[in-house]
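What the coordinates show
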Amino acid sequence: MSSKIISPFNRVEGDLDVEVKFERNKVVDAKIISRLFRGIEIILKGKNPLDALVITPRVCGICGASHLYASASALDMIYNAEVPINAIRLRNVLSMAETCQNDLRHTYFMFLIDVLNNKYRDYANFEEVIRRWAPIQGSSYKECFRWSKKYTEVYAIFGGQWPHGSAIVPGGITADPLPNEIQRAISILLDIKRNYLEKVILGGPIDQFLDTVKSYNDLLQWAEDYKEGDLAKILEFGLEANWHKLGYGSGIMLSYGHLPIEEYVGIPRKKYFKPGIYFAKEKEYKEFDQRNVLEFVNSSYYIYSKGDQAGLHPFEGETNPNLDEKNKNKYSLTKCFRYKLDGKLIAPEAGALAMLTVSGNPLILDLIDKIGPSVLSRVIARLVRVLIYNELMLQELNSFEFGKPTYKKPSEVKEGMGYGLVEAPRGALGHWVVVKNEKILNYQIVTPTQINMSPEDPLGNKSHMALALIGTEVSDVNNPIEVHHIVRSHDACMVCNVHMLKLI
């Protein structure tokens, strides 16, 4: 048996180490290691609850709007805030704009660069791959630079700045846009649609794609009919490279649901993308209940007052870092996320693929039925989400009602408990907040990368990511590109797990 630590694991957000053990060329064990400490939860203790709207977007430079949305949603619940429909539309646009820029940049700047690996030099279309996807020089790489930033322009119209904006507040949003601002955002999105998504990504009309491509066979037919689109090229290359046979993982998909549809008081009841858990092999859907979320620290550099074997719900969560190097069972600063279901602890997958699967997207459901929750299906799901979001943003902006409020001031309370659950670019993101005497008593953030890449729980269960790696056969243990594909297909974001550095 040989062991290899890939450190640092580059082209992910933040600092990540991956330890893999091989028997010959097969991965037999894997550990995902984060060596930095976030500490935002400690910073927030004792602060005014509204301070969280300024501090939590700094968790990440990519998905700050997601943290802001989750934080404001938790405070909506605590204040029992009435959120008007115009505010919901603009909040949704901010969230989708941020996710679109991320999904495109991750695909081209993080993931597709791996196709230039030596393993693929003998592929028939390797020259075409270089022409399109080579970093800096590739035609599609340059197009992504040009167009992905336009989503941040849309964000800035209503959010004031990106990243780290604080426009979403309990009871609504600080923006009250004029007609020309709404029209400007619509014009940008139409420009992206016609001159980028349809010409570069799809090679054909979005409306036709979303209306007719409902299955894996439909997707193959689309790739045949619109060969010049990047989606067709990714599908073709991915099948040749066997990406559809890589990275199955737990086969359990988790989504918190996303984007409220209607006005609400306290907590949204209906969303465009529903929450839930989906078991890929059994094709079975289960309702999600946030009360079943647990965090463990038996393998993490933390201690709990109830002991290392305890599993705490985030409302009772503790952030007590303890870099005990003598304890060989602990190796990461990421806590272990598990969901309790029917008396068992499950380790689900989070991300674009999980979100669209749980919400019942027919193409994605058929995709994981035919080629599994694989590297290829994750990359395709991320691009499909961009197409869906671009259309949904146009719908939200065209529905904006001038003259109606974007904010209703809530009555602040001295104490309460609330949670905000959203779908960040990398997947299910939750903020849990406890307020007492008008100050934050406890604040816990559970990130999608934590869900995907947790260390072992007290029962020895592996995370989804570790399971996705174990059993993988690599072509060369000194060039395990298959491991890189699997990890990067999840769009890992260790930044969300860090912020204070202490070398260990």
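Please read these numbers as outputs of a predicted model, since none were measured by experiment. Position numbers for residues start from 1 in each chain and track the written sequence from start to end. The predicted nature of this model means local features are confined to residues of pLDDT at least 70 and side-chain atom pairs, given and counted, to a pLDDT of 80 or more, with totals for whole chains, interfaces and linings taken over all residues. The basis for every side-chain value is the complete set of non-hydrogen atoms in the structure, without hydrogens or water.

**As for the overall build of the chain**
Secondary structure counts use DSSP, requiring at least four H or I residues in a row for a helix and at least two E residues in a row for a strand, with both numbered from the N terminus. Along its length, the chain carries 16 helices and 18 strands. Taken over C-alpha atoms, the radius of gyration comes to 22 Å for the chain, in line with the 23 Å a tight globule of 504 residues would show. Exposure is judged per residue with a 1.4 Å probe applied to protein chains only, and the accessible area is read against the type maximum: over 50% gives exposed, under 20% gives buried, and values in between give partly exposed. Per-residue burial for the chain yields a buried fraction of 62% across its 504 residues. Considering only contacts in the chain between residues 6 or more positions apart, those separated by 24 or more positions represent 71%. A 1.4 Å probe and the Shrake-Rupley method give the accessible areas. Residues count as covered only by the protein chains that appear here. A total of about 18900 Å² of accessible surface is found on the chain, and carbon and sulfur atoms cover 48% of it. By the counting scheme adopted, Arg and Lys are positive, Glu and Asp are negative, and His together with the chain ends is not counted. Taken as the charge location is NZ of Lys, CZ of Arg, CG of Asp or CD of Glu. Here the chain holds 60 positive side-chain charges and 60 negative ones, and the gap between their average locations is 3 Å. To get the radius of gyration, use the C-alpha atoms; to get the globule rule, take the number of residues to the power 0.38 and multiply by 2.2 Å. Throughout, a contact is declared for two residues whenever any of their heavy atoms are within 4.5 Å.

**Concerning the pattern of salt bridges**
Should a side-chain nitrogen of Lys or Arg be within 4 Å of a carboxyl oxygen of Asp or Glu, the pair is scored as a salt bridge. Tallying each qualifying case throughout the model produces 29 salt bridges. Taking the shortest distance from any N to any O, the salt bridge between R35 and D17 comes out at 2.5 Å. In this pair, R35 is assigned in the loop between β3 (26–33) and α1 (40–44) and D17 in strand β2 (residues 17–23), connecting sequence segments 18 residues apart. Classification of R35 as partly exposed rests on a relative accessible area of 33%.

**Quick word on the sheet that holds strand β7 (residues 252–255)**
Spatially, 3 strands are ordered β7-β11-β12 in an open sheet, and the strand pairing comes out antiparallel. Two strands lie at the open edges of the sheet, namely β7 and β12 (284–286), each paired on one side alone. Between one strand axis and the next, the sheet turns through 20° on average, direction left out of account. When DSSP finds two or more bridges between a pair of strands, those strands are recorded as paired. The pairing of β7 with strand β11 (residues 276–279) spans 4 bridges and is classified as antiparallel. Within β11, the position partnered with L254 by the bridge is I277. Only the stretch in contact is used when fitting a helix axis, every axis being a line fitted to C-alpha atoms; angles between N-to-C directions are given from 0 to 180 degrees.

**Brief notes about the packing of aromatic side chains**
Two measures describe an aromatic ring pair: the distance that separates the ring centres and the angle between the ring planes. Two aromatic rings, drawn from Phe, Tyr or Trp (for Trp, its six-membered ring), form a pair once their centres lie within 6.5 Å of each other, and the interplanar angle then sorts them: stacked below 30 degrees, edge-to-face above 60, tilted otherwise. One pass over the structure, following the stated rule, counts 17 aromatic pairs. Residues Y120 and F237 carry aromatic rings whose centres are separated by 5.1 Å and whose planes lie at 70° to one another, so their mutual orientation is edge-to-face. With Y120 in the loop between α4 (85–111) and α5 (126–133) and F237 in helix α10 (residues 230–240), this residue pair connects regions lying 117 residues apart in the sequence. Note on F237: relative accessible area 0%, which makes it buried. Plain terms: the ring middles of Y256 and F288 are 5.0 Å apart, the flat faces sit at 40° to each other, and that makes the pair tilted. Separated by 32 residues along the polypeptide, Y256 in the loop between β7 and β8 (258–260) and F288 in the loop between β12 and β13 (293–296) bring together distant segments of the chain. The same class applies to Y256 and to F288, which are both buried. Through successive ring pairs, a cluster of aromatic residues spans F111, Y120, Y123, F237 and W243. Either the NZ atom of lysine or the CZ atom of arginine qualifies as a charge over a ring when it sits within 6 Å of the ring centre and within 35 degrees of the ring normal. One residue, K150, lies across the ring of W147, its end atom 5.5 Å from the ring centre. Between K274 and the ring centre of Y285, over which it is positioned, the NZ or CZ distance is 4.2 Å.

**Comments concerning the sheet that holds strand β18 (residues 439–446)**
With respect to topology, 3 strands assemble into an open sheet ordered β16-β17-β18, the strand pairing being antiparallel. Two strands close off the open sheet at either side, each with one partner strand: β16 (416–424) and β18. On average, each strand axis in the sheet is tilted by 15° relative to the strand beside it, whichever way the strands run. Relative to strand β17 (residues 427–436), β16 runs antiparallel, the two sharing 9 bridges. Within β17, the position partnered with G418 by the bridge is V433. Where helix α3 (residues 64–79) meets the sheet, it contacts β16, β17 and β18, and its direction lies at approximately 150° from that of β16.

**Remarks on the nonpolar core**
The criterion is simple. A nonpolar core is a set of buried Ala, Val, Leu, Ile, Met, Phe, Trp, Tyr and Cys residues joined through side-chain atoms within 4.5 Å. Of all hydrophobic cores here, the largest spans 140 residues; its most connected members are F158, Y196, F209, W243 and L469. Discounting residues that sit within four places of it in the chain, Y196 has contacts with L104, Y108, E143, C144, W147, D191 and I201. Y256, V293, L341 and L421 belong to the second-largest nonpolar core, a separate cluster that totals 19 residues.

**Observations regarding the confidence of the model for the chain**
When pLDDT is averaged along the chain, the result is 94, and 98% of the positions lie at 70 or above. Per-residue confidence from the predictor is reported as pLDDT, a score between 0 and 100. Predicted confidence for residues 498–504 stays below pLDDT 50, and this span has 19 contacts to residues more than four positions away or in other chains.

**A closer look at the UniProt feature "binding site: Mg(2+)" (unreviewed entry) in the chain**
UniProt positions are given in the numbering used here, feature names are shortened, and annotations may be inferred rather than shown by experiment. As recorded in UniProt, the feature "binding site: Mg(2+)" (unreviewed entry) lies at E41, I445 and H499. Mapped onto the fold, E41 is located in helix α1.

**Section: the environment of I440**
If you trace the backbone, I440 turns up in strand β18. Residues I440 and D51 lie 389 residues apart in sequence; the distance between their C-alpha atoms is 9.3 Å. Excluding anything up to four places from it in sequence, I440 contacts L44, K45, G46, K47, N48, P49, A52 and V434.

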